[in-house]
Amino acid sequence: VQLQASGGGLVQAGDSLRLSCAASGRTFSSLGMGWFRQTPGKEREFVGGISRSGSSSGYADSVKERFAMSRDDSRNTVYLQMNSLKPEDTALYYCAASTRGDGLYYLDPARYRYWGKGTLVTVSS
């Protein structure tokens, strides 16, 4: 599976961005997907996840009510809509795919087999 994340950029606090992650190489509908972020000197942290069916999703407390994931299996793409951005959201954002048979998403990055290159989100105050 190859994952390509895009959509990052420089925005001001309060603005919105939508990240995209396009997948290829495997039936996308079988994959549980996650978004993670990382800043220098810190561990990669879970942002959000969505099951392969799209019926289940979850978010870190720090982004709940502001971020939302969706998936479009016809485009092999998962999205992360980020609203009301804050300077502390500044990070390199990664998408990841889990090939576990249950099709769920996970908070633990070790449960994801494939990772895309990150896309940088910078939020200025």
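This part covers the environment of Gly8. Locating Gly8 in the fold gives a position in the loop between β1 (2–6) and β2 (9–12). Classification of Gly8 by relative accessible area gives partly exposed; the value is 33%. In this structure, the C-alpha to C-alpha distance between Gly8 and Leu120, residues 112 residues apart in sequence, is 5.1 Å. In contact with Gly8, other than residues within four places in its own chain, are Leu17, Leu19, Thr119, Leu120 and Val121.

Turning our eyes to something else, we now look at the nonpolar core. In terms of nonpolar packing, the biggest core is built from 29 residues, with Met33, Trp35, Leu80, Met82 and Tyr93 touching the most fellow members. Of all elements in the fold, only β1, β3 (17–24), β4 (32–38), β5 (45–50), β7 (67–72), β8 (77–82), β9 (91–98) and β11 (119–124) reach the threshold of two or more residues within this core. Formed by six residues, the second largest nonpolar core is a distinct cluster that contains Phe36, Phe46, Ala96 and Tyr105.

On the secondary structure map, Ser16 appears in the loop between β2 and β3. For Ser16, a relative accessible area of 41% puts it in the partly exposed group. Sequence separation of Ser16 and Ser29 is 13 residues, and the distance between their C-alpha atoms is 27 Å. At 3.0 Å, the side chain of Ser16 forms a polar contact with the side chain of Asn83.

With that settled, consider the side chain of Ser20. With respect to the secondary-structure elements, Ser20 resides in strand β3. For Ser20, a relative accessible area of 17% gives the class buried. Apart from the residues within four sequence positions on either side, Ser20 is in contact with Gln4, Ala5, Ser6, Trp35, Thr77, Val78 and Tyr79.

Turning to the sheet that holds β1, a few remarks are in order. Spatially, β1-β3-β8-β7 is the arrangement adopted by the four strands of the open sheet, whose pairing is antiparallel. If you trace the sheet from one side to the other, it starts and ends with β1 and β7, each paired once. When the angles between neighbouring strand axes are averaged without regard to direction, this sheet yields 15°. Strand direction decides the pairing type here: β7 and β8, joined by six bridges, are antiparallel. Looking across to β8, one finds that Arg71 is bridged to Val78.

The rules we used
- Just so you know, the residues in each chain are numbered from 1, in the order the chain's sequence is written.
- Thresholds applied to this predicted model are a pLDDT of at least 70 for local features of residues and 80 or more for the giving and counting of side-chain atom pairs; totals over whole chains, interfaces and linings are not thresholded and use all residues.
- Side-chain metrics in this entry use all non-hydrogen atoms of the structure; hydrogen atoms and water are not considered.
- Put simply, DSSP H or I for four residues or longer makes a helix, DSSP E for two residues or longer makes a strand, and each gets a number counted from the N terminus.
- The cut-offs for exposure are 20% and 50% of the maximum accessible area for each residue type, with area from a 1.4 Å probe on protein chains only; residues under the lower value are buried, those over the upper are exposed, and the others partly exposed.
- When checking whether two residues touch, look at their non-hydrogen atoms; a contact exists if any pair is within 4.5 Å.
- Residues belong to one nonpolar core when they are buried, are Ala, Val, Leu, Ile, Met, Phe, Trp, Tyr or Cys, and are joined through side-chain atoms within 4.5 Å.
- Two N or O atoms form a polar contact when they lie within 3.5 Å of each other; inside protein one atom must be a possible hydrogen donor and the other a possible acceptor, and for residues adjacent in sequence the pair counts only when both atoms belong to side chains.
- Pairing between two strands requires that DSSP report at least two bridges joining them.
- As a rule, the C-alpha atoms of each element are fitted with a line to give its axis, helices using only the stretch in contact, and angles between N-to-C directions run from 0 to 180 degrees.

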